[in-house]
Amino acid sequence: MKKPACWLMKTEPETYSIDDLARDGRTCWEGVRNYQARNYLRDEMKVGDLVLIYHSNASPPCVAGVARVVRSAYPDPTVLDRRSPYHDPKATEDNPIWMMVDLAFEEKFAQFVTLDALKKDKSLTDMLVLKRGQRLSIMPVSATHFEGVRSMGKR
DNA sequence: GCCAACGTTGGC
DNA sequence: GCCAACGTTGGC
């Protein structure tokens, strides 16, 4: 059995926060509209993988908790919904272009791990989320970094 | 609100 | 295929 991979996925808490995920228990992670992020979703993300939930455009920006992939990639239906903010006129039934996964709530950190705290931790300097200009909404995280962040989230 | 960084679009 | 213009992300 292959070990689960680890990821970081960004969300704006005003749109969908760790509390929303805790309340829902499980959710469809719709709205990924970047090809590289989509390729991670489609080609590499597997059921059982662990995900750091990152609050972007928050004050302060932070990792807020952990989720688990419970369904691997399938077409994102919001591409065909003309009233959805995620509607994509280039997508069709036969070629939906964009994919999504389902996530289940795993844990909310007792203490959110702020971007500032990540930057100050010497063992995390290689984390992609800390790289300059890194805007991907989905990125891989090493198991070591994942555990490091998770332990920082415990009080 | 500013702006750096990066992605996408479209004319050529 | 080049590249300028434009749009988006996201920290500050």
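Residues numbered from 1 in each chain as written. Chains lettered and ligands numbered in written order. Predicted model: local features only at pLDDT ≥ 70, side-chain atom pairs only at ≥ 80, totals over all residues. Heavy atoms only, no water.

Colleague: Just checking my understanding: could you explain the protein's contact with DNA strand B for this structure?
Modeller: Near DNA strand B the following residues occur: Tyr 35, Lys 90, Arg 132, Gly 133 and Arg 135. For DNA strand B, the backbone makes up 73% of the atoms found within 4 Å of the protein, where backbone means sugar plus phosphate. Within the side chain of Lys 90, an N or O atom sits 3.2 Å from a phosphate oxygen of DNA strand B. Note that a base oxygen of DNA strand B is positioned 2.6 Å from one of the side-chain N or O atoms of Arg 135. For the surface near DNA strand B, a count of residues per class yields 1 nonpolar, 1 polar and 3 charged. (Near = heavy atom within 4 Å. Polar contact = N/O pair within 3.5 Å; in protein donor to acceptor, adjacent residues only side chain to side chain. Nonpolar A, V, L, I, M, F, W, Y, C, P; charged D, E, K, R; others polar.)

Colleague: Would you mind showing me how to read the sheet that holds strand β4 (residues 62–75) here?
Modeller: By definition, the strands of a sheet pair up through backbone hydrogen bonds, in either a parallel or an antiparallel sense. Ordered in space as β2-β5-β4-β3-β1-β6, the 6 strands form an open sheet in which the pairing is mixed. Across the chains shown, the open sheet's two edge strands, defined by having one partner strand only, are β2 (26–28) and β6 (138–141). Taking each pair of neighbouring strands and ignoring which way they run, the sheet shows an average axis angle of 35°. Note: β2 against strand β5 (residues 99–114), 3 bridges, orientation antiparallel. Note on β5: the bridge partner recorded for Thr 27 is Leu 103. The sheet contacts of helix α4 (residues 143–153) involve β1 (6–11), β3 (50–55), β4, β5 and β6, and relative to β5 the element is tilted by about 50°. (Pairing = 2+ DSSP bridges. Helix = DSSP H or I, 4+ residues; strand = E, 2+ residues; numbered from the N terminus. Axes fitted to C-alpha atoms, helices over the stretch in contact; angles between N-to-C directions. Contact = heavy atoms within 4.5 Å.)

Colleague: In this structure, what is going on with the pairing of β1? I would like to understand it.
Modeller: Along any regular strand the residues' side chains alternate between the sheet's two faces. For β1, the buried fraction is high: 6 of the 6 residues fall into the buried class. Along β1, one buried face is formed by Cys 6, Leu 8 and Lys 10 and the opposite face, lined by Trp 7, Met 9 and Thr 11, is buried too. Here 6 bridges tie β1 to β3, and the two strands are oriented parallel to one another. Within β3, the position partnered with Met 9 by the bridge is Ile 53. Inspection of the sheet shows β1 paired to β6 by 4 bridges, in the antiparallel sense. Each residue of the ladder has a partner; that of Cys 6, found in β6, is Val 141. (Buried < 20%, exposed > 50% of the residue type's maximum accessible area, 1.4 Å probe, protein only.)

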